[in-house]
Amino acid sequence: ASAVATATGRLSIAMVSMMTMAIVMTMMMRMMVVHCTPTTSDTDSNSLHHLSSDASVLPSVLVMVDTTDAMATLKAQLDDMLQNNSTRAVYCLASPGNRRATVRGGYDHNAFDAMVRNPTYMPLLSEGTGRYEVLSHRQTGAMRDGFVASVRVIQAEGARKVFDFVMSLQQPDVVDEHPSLEPYQLRPGHLPMWRTDSVMPSRG
């Protein structure tokens, strides 16, 4: 009986020792994680500044819409401009040819933003005070791969201006994967997607 008691006592001591070691190891691992996790103060402020000012990496996040739908593509751009005073969606949803023709290399969001913020296009932008009405829209072309829409923009003070949007379907062989277009990159083999070729003040 005493031998059994002695063995039981030794087993209990061994189990306590193992539990103690496990607790110590867990605490050490937690200390290592805390020590290695960078804090805001540890982050290189120059890197953050580079991220926010680099036209190829835009920090804001867009809610992705189905751009196989022409009206959804149109509204995504108008909503972002008039609700958020932002050119991000209209930049990402411009056709590759449109961006190449209007900004250096086609991927300079800062240049694109400056272009939209000129007197001609400024009525398209507001901090949520403007609104719009789609006056007309239709698909065009023998293959129905074109789309035109007339949109009246109404600013808070009552100023009104009509713009004509012209869009085209980008076929699966059109690839446009620059990081600044997130989340609207055109990957190889994508479905036909609508992109904006031009926005002009209406002459009608």
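Before reading on, note that the structure itself is shown above.
Summary of the structure given here.

Observations concerning the pattern of salt bridges
Here comes step 1: Within the structure shown, the criterion is met by six salt bridges.
Here comes step 2: A salt bridge links Asp113 to Arg117; the shortest N-O distance between them is 2.9 Å.
Here comes step 3: Of the residues examined, Asp113 reaches a relative accessible area of 18% and is grouped as buried.
Here comes step 4: With a relative accessible area of 31%, Arg117 lands in the partly exposed category.
Here comes step 5: Look at the salt bridges and you will find they share partners, linking Arg131, Glu133 and Arg152 into a network.

A word on the nonpolar core
Here comes step 1: By size, the foremost hydrophobic cluster in this structure holds 31 residues, and its most contacted members are Leu74, Leu124, Phe147 and Phe165.
Here comes step 2: The set of elements that each furnish at least two residues to this core consists of helix H3 (70-84), helix H4 (88-92), helix H6 (109-116), strand S2 (146-154), strand S3 (160-170) and strand S4 (193-201).
Here comes step 3: The element best represented in this core is H3, accounting for seven residues.
Here comes step 4: Discounting chain neighbours no more than four positions away, the residues touching Leu124 are Leu78, Met81, Leu82, Val153, Gln155, Phe163, Phe165 and Val199.

Comments concerning the side chain of Asp176
Here comes step 1: When you line up the elements, Asp176 lands in the loop between S3 and S4.
Here comes step 2: Given the relative accessible area of 3%, Asp176 is considered buried.
Here comes step 3: Engagement of the side chain of Asp176 in a polar contact is seen with the side chain of Tyr107, the distance being 2.4 Å.
Here comes step 4: What Asp176 contacts, discounting residues up to four positions off in sequence, is Pro96, Arg99, Tyr107, Leu181, Gln185 and Leu186.

Some details on the sheet that holds S2
Here comes step 1: Judged by pairing direction, the sheet is antiparallel, and its four strands sit side by side in the order S1-S2-S3-S4 without closing on themselves. The sheet is open, and its two borders are formed by strand S1 (131-140) and S4, each paired with just one other strand. Neighbouring strand axes in the sheet, compared pairwise and without regard to direction, differ in orientation by 25° on average.
Here comes step 2: Looking at chain direction, S3 and S4 are connected through eight bridges and run antiparallel. Bridged to Val166 within S4 is Ser198.
Here comes step 3: Strand contacts of H3: S1, S2, S3 and S4, with the helix running at about 155° to S1, the strand carrying the most contacts.

Some words on the layout of surface pockets
Here comes step 1: Roughly 200 Å³ of internal volume is contained in the largest pocket.
Here comes step 2: Residue lining of the largest pocket: 15 residues in total, with Asn98, Phe112, Met115, Tyr121 and Val199 positioned closest to the centre.
Here comes step 3: Within the residue set of the lining of the largest pocket, elements represented by two or more residues are helix H5 (96-102), H6 and S4.
Here comes step 4: Ranked by the residues each element gives to the lining of the largest pocket, the list is headed by S4, at four residues.
Here comes step 5: By residue class, the composition of the lining of the largest pocket is 10 nonpolar, four polar and one charged.

Section: H3
Here comes step 1: Relative to the 21 Å expected for 15 residues at 1.5 Å per residue, H3 spans 21 Å between its end C-alpha atoms, a close match to the ideal helical length.
Here comes step 2: Every buried residue belonging to H3 is among Ala70, Met71, Thr73, Leu74, Ala76, Gln77, Leu78, Asp80, Met81 and Leu82, and all of these are buried.
Here comes step 3: At its buried positions, H3 is contacted by H4, S1, S2, S3 and S4.
Here comes step 4: The distance from a side-chain oxygen at the start of H3 to the backbone nitrogen of Met71 is 2.9 Å, and the residue carrying that oxygen is Asp69.
Here comes step 5: Immediately beyond the C-terminal end of H3, within one or two residues, lies Asn85, with a positive phi of roughly 50°.

The rules behind each value
- Residues numbered from 1 in each chain as written.
- Predicted model: local features only at pLDDT ≥ 70, side-chain atom pairs only at ≥ 80, totals over all residues.
- Heavy atoms only, no water.
- Salt bridge = Lys/Arg side-chain N within 4 Å of Asp/Glu carboxyl O.
- Buried < 20%, exposed > 50% of the residue type's maximum accessible area, 1.4 Å probe, protein only.
- Core = buried A, V, L, I, M, F, W, Y, C linked by side-chain atoms within 4.5 Å.
- Helix = DSSP H or I, 4+ residues; strand = E, 2+ residues; numbered from the N terminus.
- Contact = heavy atoms within 4.5 Å.
- Polar contact = N/O pair within 3.5 Å; in protein donor to acceptor, adjacent residues only side chain to side chain.
- Pairing = 2+ DSSP bridges.
- Axes fitted to C-alpha atoms, helices over the stretch in contact; angles between N-to-C directions.
- 1 Å grid on protein atoms, 1.4 Å probe; cavity = no way out; pocket = protein on both sides within 12 Å on 5 of 7 lines; lining within 4 Å.
- Points joined across faces, edges and corners; volume = space filled by probe spheres on them.
- Nonpolar A, V, L, I, M, F, W, Y, C, P; charged D, E, K, R; others polar.
- Expected span 1.5 Å × (residues − 1).

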